[in-house]
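# Architecture at a glance
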Amino acid sequence: MPSFLNSIEFNELNIAGITLSASQVEIAFYVIVGLISLLLIFLLAKLVKSLTNNGGRKRVKAAPPEPKYEEIFEIESEVFETNPYKSDPDTYFEQSTIRTVTLTLIIGLREHLSKMAENASDQHKAMAAIAKHLEGEGATPIAFTQWNQSPIQGIAARIILNGKSRTALFGPSLAMVKASAPFPKDISDAIESGHAAGQSVFVLAIDGLAYGEYSVSHRLQLVTTD
């Protein structure tokens, strides 16, 4: 027993009319001290255990979410030649007609992809961006027949214009060079500029004559979340 406890003197204690002798007060004192000691030992043991567990446990940092990107296709240029063969008035078409023919061919591609459940290539996505652009300008498709498409050559169909059945072609400019007459200067210059900028360049031809050029840029944009 600690020496300081031996120096404590206990006397009679009167609590609410109850008198406790010196020996009873001493017993009560030691019981209370024992209970307090047990409580302190319990709390200390719990603290030591908690520190031990935390020290052996590695903190795992949550991995940051992977960035997500979306593909952006934008129309960078749109050039039209309403009459590439000046000496023949039958080869003249308004710009609105050129837009309509272009949209009609791409609508055929849209229907084809939906039926075949094919994954759209970058070329198809660029064409889809052109179609969306033309629809935004108010163009509407017309009837067509004998529609077909080739990954290299592009899209072809038969369309009635000015009362005549015409062959319309729409595809990459490099392929269209072989499928049409020499390009008019404005279209040729636009094609050269588009290629120099690393863009996808498409040409519309009707009955072997080039009437329209479209350049489309492609980039990835980070998707941000609010």
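Heads up: the structure comes first, above all this text.
In this text the structure is predicted, and so the values were computed from the model without any measurement.

Moving on, we come to the packing of aromatic side chains. The geometry of two aromatic rings is summed up by the distance between their centres and the angle between their planes. With the rule as written, the count across this model stands at 4 aromatic pairs. Geometrically, the ring pair formed by Phe170 and Phe202 is stacked, given 5.7 Å between the ring centres and 25 degrees between the ring planes. Linking Phe170 in strand β6 (residues 164–172) with Phe202 in strand β7 (residues 200–206), this pair joins segments that are 32 residues apart in sequence. When sorted by exposure, Phe170 lands in the same class as Phe202, which is buried.

It is worth spelling out the packing of helix α3 (residues 95–116) against helix α4 (residues 122–136) at this point. With their axes 9 Å apart at the nearest point, α3 and α4 run at an angle of 130 degrees to one another. Considered as vectors, α3 and α4 are oriented oblique to each other. Between α3 and α4 the crossing geometry is left-handed. The residues of α4 that touch α3, namely those facing Arg99, Thr102, Leu103, Ile106, Ile107, Leu109, Arg110 and Leu113, are His124, Met127, Ala128, Ile130, Ala131, Leu134 and Glu135. Looking at side-chain class alone, the contact of α3 with α4 contains 10 nonpolar, 2 polar and 3 charged residues.

An order of β3-β8-β7-β6-β5-β4 is seen for the 6 strands of this open sheet, with the pairing classed as antiparallel. The sheet is open, and its two borders are formed by β3 (69–80) and β4 (145–150), each paired with just one other strand. On average, each strand axis in the sheet is tilted by 20 degrees relative to the strand beside it, whichever way the strands run. Relative to β6, strand β5 (residues 154–161) runs antiparallel, the two being bridged by 7 bridges.

Looking at the secondary structure, you find Ala126 in helix α4. Sequence spacing of Ala126 and Glu74 is 52 residues, and the spatial spacing of their C-alpha atoms is 8.0 Å. Excluding anything up to four places from it in sequence, Ala126 contacts Phe73, Phe202 and Val216.

Turning our attention to the nonpolar core. If you look at the biggest cluster of nonpolar residues, it comprises 32 residues, and the most contacted ones within it are Val101, Leu105, Met127, Ile130, Ile155, Phe170 and Phe202. Every element with two or more residues in this core is listed here: β3, α3, α4, β5, β6, β7 and β8 (209–222). The element contributing the most residues to this core is α3, with 8 residues. The contact partners of Met127, leaving out residues within four places of it in the chain, are Ile106, Leu109, Ile155, Phe170, Gly171 and Phe202. Formed by 12 residues, the second largest nonpolar core is a distinct cluster that contains Val79, Leu169, Met176 and Ala190.

We now examine the pairing of β6. Here β5 hands over to β6 after 2 residues, with Asn162 in that stretch at a positive phi of 55 degrees. In this sheet, β7 lies alongside β6 in antiparallel orientation, the contact comprising 5 bridges. Counterpart to Pro172 in the pairing with β7 is Phe202.

Before going further, it helps to examine the pattern of salt bridges. Counting across every chain of the model gives 10 salt bridges. With a shortest N-O distance of 3.3 Å, Glu74 and Arg219 are connected by a salt bridge. Separated by 145 residues along the polypeptide, Glu74 in strand β3 and Arg219 in strand β8 bring together distant segments of the chain. The exposure class of Glu74 is partly exposed, given its relative accessible area of 34%. Arg99 is paired through a salt bridge with Glu78; the nearest N and O atoms lie 3.7 Å apart. Note that Arg99 is positioned in helix α3 and Glu78 in strand β3, a separation of 21 residues in sequence. By relative accessible area, which is 25% here, Glu78 ends up partly exposed.

All right, on to unusual backbone geometry then. Notably, Gln146 is not glycine yet its phi reads approximately 55 degrees, a positive angle. As for its placement among the helices and strands, Gln146 is situated in strand β4. Non-glycine residue Asn162 carries a positive phi angle of around 55 degrees. Looking at the secondary structure, you find Asn162 in the loop between β5 and β6. The class for Asn162 is exposed, based on a relative accessible area of 58%.

Parameters and conventions
Residues numbered from 1 in each chain as written. Predicted model: local features only at pLDDT ≥ 70, side-chain atom pairs only at ≥ 80, totals over all residues. Heavy atoms only, no water. Phe/Tyr/Trp six-rings, centres within 6.5 Å; stacked < 30°, edge-to-face > 60°. Helix = DSSP H or I, 4+ residues; strand = E, 2+ residues; numbered from the N terminus. Buried < 20%, exposed > 50% of the residue type's maximum accessible area, 1.4 Å probe, protein only. Axes fitted to C-alpha atoms, helices over the stretch in contact; angles between N-to-C directions. Parallel < 35°, antiparallel > 145°, perpendicular 65-115°, else oblique. Left-handed = near helix turned anticlockwise from the far one by under 90°. Contact = heavy atoms within 4.5 Å. Nonpolar A, V, L, I, M, F, W, Y, C, P; charged D, E, K, R; others polar. Pairing = 2+ DSSP bridges. Core = buried A, V, L, I, M, F, W, Y, C linked by side-chain atoms within 4.5 Å. Salt bridge = Lys/Arg side-chain N within 4 Å of Asp/Glu carboxyl O.

Distances and angles like these do not, on their own, reveal function.
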